[in-house]
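Observations on chain architecture
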Amino acid sequence: MAGRVAGKVAFITGAARGQGRSHAVRLAQEGADIIGIDVCKQLDDVPFPLSTPEDLAETVSLVEKEGRRMLATQADVRDFDAMKAAVDSGVEELGRLDIIVANAGIGTDGSTLAEMTEKIWRDMIDVNLMGVWLTAKAGIPHIVEGGRGGSIVLTSSVGGLKAYPHTGHYVAAKHGVVGVMRTLAVELAQHSIRVNTVHPTQVNTPMVMNDATFKMFRPDLENPTKEDFAPLSQLAHMLPVPWVEPEDISNAVLFLASDEARYITGLTMPVDAGSMLK
């Protein structure tokens, strides 16, 4: 079915690469224009390279190749004023807002909660939880004003549904995202705005595919590689795959954003290769 979000406008955070880029391109393929933001700089304590302005420009190019428009801004999800300005400007130019995809997030550290520094905890909560709330807060007034209803998709994680060691700050933030989703689903139902979460397992993006992740899973090796990481990652899944692709998450986001999911709200949707069955 083509044109599943035709004529709609989506606001996507973390749009420069990885899942965010994939979401932007997938929604554009189905007819949406995009308002996208990304921090496009390195943040303290994040142990892998983050996106660049060139990455964000490449996402714009990919969306335009699909025949759609994308307005891109370098902004931090912790900065509400910057996000609001980006959304307000985008809506003024594109004419509406129908979809919010709060995708931006970070991964840091590998400490137990008892050993973790306060700064690493706060940074994680600020980006992965408060940033999600601020993303929704920036966009909701425009969807309400449109009077057509809409869809909000918040990126959580399988770590938002169960616990893992050495990532307690991430697990706490992603569980919190579920609380934000459920509350927004109740508060916004009167406006026909649906709110759901997606819960990816390991995804083939730079946030997962980096030396810090490989070392966390394979501390027995001096310089572990992606190939060393793969069998350990596969143990987390029922299906015989070590990870999923960004497009697999994007297809779930597209479904939840489309009218095919018009009566689905308050849902936690795993895209996890069976990880929740482990």
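Predicted, not measured: the structure shown is a model, and the values here were computed from it. (Residues numbered from 1 in each chain as written. Predicted model: local features only at pLDDT ≥ 70, side-chain atom pairs only at ≥ 80, totals over all residues. Heavy atoms only, no water.)

On to the overall build of the chain, then. The number of helices and strands found in the chain is 8 helices and 7 strands. For 278 residues, the compact-globule formula gives about 19 Å, and the C-alpha radius of gyration of the chain, at 18 Å, lands near that figure. By the burial criterion, 53% of the 278 residues in the chain qualify as buried. Across the chain, contacts joining residues at least 24 apart in sequence account for 73% of those joining residues at least 6 apart. Of the roughly 12100 Å² of accessible surface on the chain, a fraction of 54% belongs to carbon and sulfur atoms. Distance between charge centroids for the chain: 5 Å, based on 25 positive and 35 negative side chains. (Helix = DSSP H or I, 4+ residues; strand = E, 2+ residues; numbered from the N terminus. Rg over C-alpha atoms; globule rule 2.2 N^0.38 Å. Buried < 20%, exposed > 50% of the residue type's maximum accessible area, 1.4 Å probe, protein only. Contact = heavy atoms within 4.5 Å. Areas by Shrake-Rupley, 256 points an atom, 1.4 Å probe, with all protein chains shown as cover. Lys, Arg positive; Asp, Glu negative; His and termini not counted. Charge placed at Lys NZ, Arg CZ, Asp CG, Glu CD.)

Moving on, we get to the packing of aromatic side chains. How two aromatic rings sit relative to each other is set out by the distance from centre to centre and by the angle between their planes. By the definition in use, this model includes 3 aromatic pairs. The interplanar angle of 40 degrees and the centroid separation of 5.6 Å between the aromatic rings of F214 and F229 together place this pair among those described as tilted. Of this pair, F214 sits in helix α6 (residues 211–217) while F229 is found in helix α7 (residues 226–234), placing the two residues 15 residues apart along the sequence. Using a relative accessible area of 0% as the deciding quantity, one classes F229 as buried. Measuring from ring centre to ring centre gives 4.9 Å for F217 and F229, while their planes differ by 70 degrees; the resulting arrangement is edge-to-face. (Phe/Tyr/Trp six-rings, centres within 6.5 Å; stacked < 30°, edge-to-face > 60°.)

This next bit is on the layout of surface pockets. Computed from the structure, the second largest pocket encloses a volume of approximately 210 Å³. Lining the second largest pocket are 14 residues, and of these R148, G149, G150, S192 and D259 sit closest to its centre. Looking at side-chain class alone, the lining of the second largest pocket contains 3 nonpolar, 4 polar and 7 charged residues. (1 Å grid on protein atoms, 1.4 Å probe; cavity = no way out; pocket = protein on both sides within 12 Å on 5 of 7 lines; lining within 4 Å. Points joined across faces, edges and corners; volume = space filled by probe spheres on them. Nonpolar A, V, L, I, M, F, W, Y, C, P; charged D, E, K, R; others polar.)

Considering all chains together, one arrives at 14 salt bridges under this definition. R4 is the salt-bridge partner of E260, the closest N and O atoms lying 2.7 Å from each other. Within this pair, whereas E260 is found in the loop between α8 (246–257) and β7 (268–271), its partner R4 is found in the segment before β1 (9–13), the two being separated by 256 residues in sequence. Note on E260: relative accessible area 36%, which makes it partly exposed. The network of salt bridges with common partners includes D44, D45, K119 and D123. (Salt bridge = Lys/Arg side-chain N within 4 Å of Asp/Glu carboxyl O.)

This paragraph deals with the domain arrangement of the chain. Looking at the chain, the domain boundaries give domain 1 (9–204 + 245–269) and domain 2 (209–242). At the interface, 9 residues of domain 1 touch 10 residues of domain 2. Among the residues of domain 1 in contact with domain 2, F48, Q202 and N204 are the three that bury the most area, contributing 57% of the side total. On inspection of domain 1 and its partner domain 2, the count reaches 1 residue pair in polar contact (both at pLDDT 80 or more). The residue inventory of the side of domain 1 that touches domain 2, partitioned by class, reads 3 nonpolar, 5 polar and 1 charged. (Domains from an automatic or database assignment. Buried area = accessible area lost by both parts, 1.4 Å probe. Polar contact = N/O pair within 3.5 Å; in protein donor to acceptor, adjacent residues only side chain to side chain.)

Below, the discussion takes up the sheet that holds strand β3 (residues 70–74). Strand order across the open sheet formed by 7 strands is β3-β2-β1-β4-β5-β6-β7, with parallel pairing between neighbours. Only two strands of the sheet have a single partner each, and these edge strands are β3 and β7. The average angle at which neighbouring strand axes cross in this sheet is 15 degrees, direction not considered. As defined by bridge partners, strand β6 (residues 193–200) adjoins β7 across 4 bridges and the pair is classed as parallel. Of the residues in β7, the one forming a bridge with H199 is P270. Here helix α2 (residues 53–65) sits on the sheet in contact with β2 (33–38) and β3, set at roughly 170 degrees to β3. Relative to β6, α8 is tilted by about 165 degrees, and along the sheet it contacts β4 (99–102), β5 (150–155), β6 and β7. (Pairing = 2+ DSSP bridges. Axes fitted to C-alpha atoms, helices over the stretch in contact; angles between N-to-C directions.)

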